[in-house]
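Commentary on secondary and tertiary structure
As a plain string of letters, each chain reads:
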Amino acid sequence: MNKKYIVRLSVEERSILEEVIKKLKGTSQQVRRAQILLKADADGPNWTDQRIAEAFSCRRQTVENIRENLVTNGFEIALNRKKRETPPRKKLLDGEQEAKLIAMRLGSPPDGFANWSLRLLAEKVVELELIDSISYETVRQTLKKMA
């Protein structure tokens, strides 16, 4: 099969990859990517994708993706992965709403309660119409950031 993305590593890149493998520097995924890139090097072993996949117990598609990532995004991203630009979920509370929640938590609890509970805070935030709905878990995470 004709490879669309050819891996050609510089001497410096090769030595970085060898160091990652030798010292097991970084995550297990980084070590695996380093091993795959070294074996896929056209100026080195130049193994087939299938042979690399079998050697490192992964899918052929994984090898192809890593090769493509190196050619299109560069060495650094191919080894360390691209950081996510947007969070998987949009934040529920903006800074102003978080500040009001924290201020409420620091204030005295409603009559009949000794302390603010997470559920009580969540109910109060909705009651004050800061937000349409919120779980006590979101309240907990917001307050935890403050601590």
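About the cut-offs
Residues numbered from 1 in each chain as written. Predicted model: local features only at pLDDT ≥ 70, side-chain atom pairs only at ≥ 80, totals over all residues. Heavy atoms only, no water. Buried < 20%, exposed > 50% of the residue type's maximum accessible area, 1.4 Å probe, protein only. Helix = DSSP H or I, 4+ residues; strand = E, 2+ residues; numbered from the N terminus. Arc of directions from axis to C-beta. Contact = heavy atoms within 4.5 Å. Salt bridge = Lys/Arg side-chain N within 4 Å of Asp/Glu carboxyl O. Phe/Tyr/Trp six-rings, centres within 6.5 Å; stacked < 30°, edge-to-face > 60°. Lys NZ or Arg CZ within 6 Å of the ring centre and 35° of its normal. Core = buried A, V, L, I, M, F, W, Y, C linked by side-chain atoms within 4.5 Å. pLDDT = per-residue confidence, 0-100.

**Examining helix α8 (residues 136-146)**
Residues of α8 that are buried: Val 139, Thr 142 and Leu 143. Buried residues of α8, seen end-on, are gathered within an arc of 95° and therefore sit on one face of the element. Looking at α8, the residues exposed on the side facing more than 90 degrees away from the buried face are Lys 144 and Lys 145. Along its buried surface, α8 packs onto α6 (95-106) and α7 (118-127).

**A closer look at the pattern of salt bridges**
If you walk through the whole model with that rule in mind, you get 12 salt bridges. Linking Lys 23 and Glu 19 is a salt bridge whose minimum nitrogen-to-oxygen distance equals 4.0 Å. With Lys 23 and Glu 19 both in helix α1 (residues 11-23), this residue pair falls four residues apart, about one helical turn. Take Lys 23: its relative accessible area is 54%, and that puts it in the exposed class. Look at Glu 19 and you get partly exposed, because its relative accessible area is 31%. Notably, a salt bridge pairs Glu 85 with Lys 82, separated by 4.0 Å at the nearest N-O pair.

**Here's the deal with the packing of aromatic side chains**
Applying the stated criterion across every chain, the model contains zero aromatic pairs. The positively charged end of Arg 51 is found above the aromatic ring belonging to Trp 47, 3.9 Å away from the centroid. Positioned over the ring face of Tyr 136 is Arg 119, at 4.1 Å from the centre of the ring.

**Focus on unusual backbone geometry**
One non-glycine residue, Leu 24, adopts positive backbone phi at about 50°. Assignment of secondary structure puts Leu 24 in the loop between α1 and α2 (28-40). By relative accessible area, Leu 24 is classed as exposed at 60%. With a phi close to 60°, Glu 129 is a non-glycine residue in the positive phi region. By secondary structure assignment, the location of Glu 129 is in the loop between α7 and α8.

**Re the nonpolar core**
Counting 21 residues, the largest nonpolar core has Leu 9, Leu 17, Ile 36, Ile 52 and Leu 70 as the members making the most contacts within it. Among the elements of the structure, α1, α2, α3 (49-55), α4 (60-73) and α5 (75-80) are those that each provide at least two residues to this core. Take this core: its biggest share by element is six residues, from α2. When sequence neighbours within four positions are dropped, the list of residues in contact with Ile 36 reads Ile 52, Phe 56, Cys 58, Val 63 and Ile 66. One finds Ile 102, Met 104, Leu 130 and Ile 134 within the second-largest nonpolar core, a separate group that totals 14 residues.

**Describing the confidence of the model for the chain**
Taken residue by residue, the chain gives an average pLDDT of 92. The fraction at 70 or more is 98%. No element of the chain has a lower mean pLDDT than α8, at 90, and none a higher one than α3, at 96.

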